[in-house]
Amino acid sequence: MTPSPKPAADVAALFARTDVVAFELNGDGDESQLHPDEAAWIGHASGKRRREFAAGRICARAALLELGVAADQPLGSGQDRAPLWPDGVIGSISHTADYCIAVLARADGSGDGIGIDAERYGRVGDHLHRTIFTTAERAWLGRLPGPERAETATTLFSGKEAFYKAQHPLTRSWVGFKDVSGRAGSDGLILDPATDLDALGRLRWPQTVASLSRGRLVVTAVEVRTS
């Protein structure tokens, strides 16, 4: 039986704004449910990539319908592979380990963005820390016991991915992993700018990363606004 997307109210609740709609899917996406244009765009990709793409578009269409937005047009991708949403809609998609999540909301005109990411715990091994984490982050992680360090590193990496997805539609700028630095806050993970990158100066700080567990997966959410 082909899996169907389901509402994910607990994921939507990770965002401070109350109008976010989230749908998730466990399992492969059904390529037969793609719009013909979408199928043509992704037809050259590997089977795994096509199934992930299909899962994302299926979840996104369910969310669009929940928002009351027509979902019969193809949902393309930009040069950075980020989804191209209908006018008046903001959103984000993530997929990993046979799990996909899409979050969408109405754009309120205030310069806002939402980002979502899902990662498998333990994906970010110690050997990757120097590549993706700042000196302060590596010092923080180094003080944690092994199992906690692995989970925190995954959440930190995922939070940075969610932040990138949220900020990019607003700044149209590339932001590297080490351009922001995470720390533990009273309400969860906090991100601060770590460089003087121009794009970072256009956003309000600090950024809060909300997260929840999906079994061996962590789902992170970030909401950003321009300053």
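Owing to the predicted nature of the structure, the values given are computational and were not obtained by experimental measurement.

Enquirer: Would you mind showing me how to read the pattern of salt bridges here?
Expert: It is possible for side chains bearing opposite charge to pair when their charged atoms get close. Evaluated as defined, the whole model comprises 14 salt bridges. The residue R214 makes a salt bridge to E24 at a minimum N-O spacing of 2.9 Å. In this pair, R214 is assigned in strand β8 (residues 207-214) and E24 in strand β2 (residues 21-26), connecting sequence segments 190 residues apart. Linked by salt bridges that have partners in common, D10, E24 and R214 make up one network.

Enquirer: What is the right way to read the environment of R123 from this model?
Expert: Assignment of secondary structure puts R123 in the loop between β5 (112-120) and α4 (129-132). With relative accessibility at 49%, the residue R123 sits in the partly exposed group. If we ignore the near neighbours within four places in the chain, the residues touching R123 are L128, T154 and F157. Here E119 takes part through its side chain, which lies 2.3 Å from a polar atom of the side chain of R123.

Enquirer: Looking at this structure, how should I read the sheet that holds strand β3 (residues 89-96)?
Expert: Sheets are built from strands paired through backbone hydrogen bonds, the pairs being either parallel or antiparallel. Spatially, 4 strands are ordered β1-β2-β4-β3 in an open sheet, and the strand pairing comes out antiparallel. Single-partner strands in this sheet number two, and they are β1 (6-7) and β3. Helix α3 (residues 47-67) rests against β2, β3 and β4 (99-106) of the sheet, and its axis sits at about 35° to β4.

Enquirer: It is not clear to me how the side chain of K160 should be interpreted in this structure. Could you clarify?
Expert: Mapped onto the secondary structure, K160 falls in helix α6 (residues 146-171). Judged by relative accessible area, which is 4%, K160 ranks as buried. Separated by 3.2 Å, the side chain of K160 and the backbone oxygen of I132 make a polar contact. Engagement of the side chain of K160 in a polar contact is seen with the backbone oxygen of F177, the distance being 2.7 Å. In contact with K160, not counting residues within four places along its chain, are I132, F133, T134, E137, F177, V180 and L191.

The rules behind each value
- Residues numbered from 1 in each chain as written.
- Predicted model: local features only at pLDDT ≥ 70, side-chain atom pairs only at ≥ 80, totals over all residues.
- Heavy atoms only, no water.
- Salt bridge = Lys/Arg side-chain N within 4 Å of Asp/Glu carboxyl O.
- Helix = DSSP H or I, 4+ residues; strand = E, 2+ residues; numbered from the N terminus.
- Buried < 20%, exposed > 50% of the residue type's maximum accessible area, 1.4 Å probe, protein only.
- Contact = heavy atoms within 4.5 Å.
- Polar contact = N/O pair within 3.5 Å; in protein donor to acceptor, adjacent residues only side chain to side chain.
- Pairing = 2+ DSSP bridges.
- Axes fitted to C-alpha atoms, helices over the stretch in contact; angles between N-to-C directions.

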